[in-house]
Amino acid sequence: PEDIVHPRSSLWLPPPEVADYVESHIRHSFDKDVRSRLRSECPRPDFPYKVTETPELDPTLVTFLKKSAEDLKKGIDRVCRGCQDKLLDVSGPLTKILELAFQAKESGEAINPDVLVVWAQRALCFLGNANCAISLERRRSVLMKLDPKLADLATSESGPVARGLLSGSPFIKELSKFVATYASLDMAQESIRRVLRPLFRGAGRYRGRAFGRFNQQSPQPGYCHQGRGGFQEYDSSSSTFYPSRPRSGQSRFRRGRS
């Protein structure tokens, strides 16, 4: 509106009681049970064109993208949809405040300040929850670029202590501990590799099947190999090149008795 005179944002500061409430809730998240209870008390308005509902992915896009669309819905679309869903929760109490203002304007009566304060507080609670969800995803994306192992640390929210920073000094201290731990583990693993490398340098060498075949010592002339025992000397004069044939009175196979 053009007729509203508002000071510059850098110079504007609300009263202490308002400032304390905003500072304590604008970067504060709550669990699913609290959110469900607040949404039941101040739900979103139901418009004909569903402008306050969280937009779903178009079925046509799902058809075009095929398998990639499934990964998109499970991945980045799921994260962005969750943040947008929490942000649209603010539309419930804000619409109610606007409705109270129009009713007071038409009737000429003053708005009940207690009712107005309750709806404004709920709007700030929803806004703080959405703000924390977006900050969490920003921290997670930064930590994923540093090291995927650090992504679990993104869930911690410093709140007003961060003083305008995305993470704040408490988060940086906790992150430094994990980084030092990972660095110590890497140094320990490298030391173990350095110590054990000379011991296993020749491991597995000359153990192949081909080497076992070609490395066997061939029996020397005058010796024959019998089973698993050693080489025994045999009489060369008693052996001939051709095998002995059976005698005329002997048969190769014994006939069974009738």
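How each quantity is defined
- Residues numbered from 1 in each chain as written.
- Predicted model: local features only at pLDDT ≥ 70, side-chain atom pairs only at ≥ 80, totals over all residues.
- Heavy atoms only, no water.
- Phe/Tyr/Trp six-rings, centres within 6.5 Å; stacked < 30°, edge-to-face > 60°.
- Lys NZ or Arg CZ within 6 Å of the ring centre and 35° of its normal.
- Salt bridge = Lys/Arg side-chain N within 4 Å of Asp/Glu carboxyl O.
- Helix = DSSP H or I, 4+ residues; strand = E, 2+ residues; numbered from the N terminus.
- Buried < 20%, exposed > 50% of the residue type's maximum accessible area, 1.4 Å probe, protein only.
- Contact = heavy atoms within 4.5 Å.
- Core = buried A, V, L, I, M, F, W, Y, C linked by side-chain atoms within 4.5 Å.
- Axes fitted to C-alpha atoms, helices over the stretch in contact; angles between N-to-C directions.
- Parallel < 35°, antiparallel > 145°, perpendicular 65-115°, else oblique.
- Left-handed = near helix turned anticlockwise from the far one by under 90°.
- Nonpolar A, V, L, I, M, F, W, Y, C, P; charged D, E, K, R; others polar.

**Details of the packing of aromatic side chains**
Then step 1. Counting across every chain of the model gives 1 aromatic pair.
Then step 2. Positioned above the aromatic ring of tryptophan 119 is the side chain of arginine 122, whose terminal nitrogen or guanidinium carbon lies 5.4 Å from the ring centre.

**Considerations on the pattern of salt bridges**
Then step 1. Across all of its chains, the model carries 11 salt bridges by this definition.
Then step 2. Residue aspartate 85 pairs with arginine 35 through a salt bridge whose shortest N-O separation is 2.6 Å. Highlighted residues: aspartate 85 in helix α5 (residues 76-88) and arginine 35 in helix α2 (residues 32-41), separated in sequence by 50 residues. For the pair aspartate 85 and arginine 35, one class covers both residues: buried.
Then step 3. For arginine 81, the salt bridge identified is with glutamate 56, shortest N-O distance 2.5 Å. With arginine 81 in helix α5 and glutamate 56 in the loop between α2 and α3 (59-65), the pair connects residues that are 25 residues apart, well separated along the chain.
Then step 4. A relative accessible area of 30% places arginine 81 in the partly exposed class.
Then step 5. A relative accessible area of 54% places glutamate 56 in the exposed class.

**Here we look at the environment of valine 90**
Then step 1. Tracing the chain through its elements places valine 90 in the loop between α5 and α6 (91-107).
Then step 2. The class of valine 90 is buried, set by a relative accessible area of 9%.
Then step 3. The sequence separation of valine 90 and proline 43 amounts to 47 residues, and the corresponding C-alpha distance is 9.2 Å.
Then step 4. Leave out the neighbours within four places in its chain, and valine 90 touches Ala123, Phe126 and Leu127.

**Things to note about the nonpolar core**
Then step 1. Within the largest apolar cluster, 10 residues are counted, these being Phe30, Leu38, Cys42, Val90, Ile97, Leu100, Trp119, Ala123, Cys125 and Phe126.
Then step 2. Every element with two or more residues in this core is listed here: α6 and α7 (113-146).

**Structural notes on the packing of α2 against α7**
Then step 1. Running from amino to carboxyl end, α2 crosses α7 at an angle of 140°, the nearest separation of the two axes being 11 Å. Of the possible angle classes, the one that applies to α2 and α7 is oblique. For the pair α2 and α7, the sense of crossing is left-handed. Contact residues: Arg35, Leu38, Arg39 and Glu41 in α2; Trp119, Arg122, Cys125, Phe126 and Asn129 in α7.
Then step 2. Along the lines of polarity and charge, the residues of the contact of α2 with α7 split into 4 nonpolar, 1 polar and 4 charged.

**Structural notes on the environment of valine 117**
Then step 1. With respect to the helices and strands, valine 117 occurs in helix α7.
Then step 2. Distance from valine 117 to isoleucine 97, taken between C-alpha atoms, is 9.4 Å for residues 20 residues apart in sequence.

**Examining the side chain of arginine 35**
Then step 1. Looking at arginine 35, the relative accessible area reads 15%, which means it is buried.
Then step 2. The residues touching arginine 35, leaving out its near neighbours within four places in the chain, are Phe30, Arg44, Asp85, Lys86, Asp89 and Asn129.

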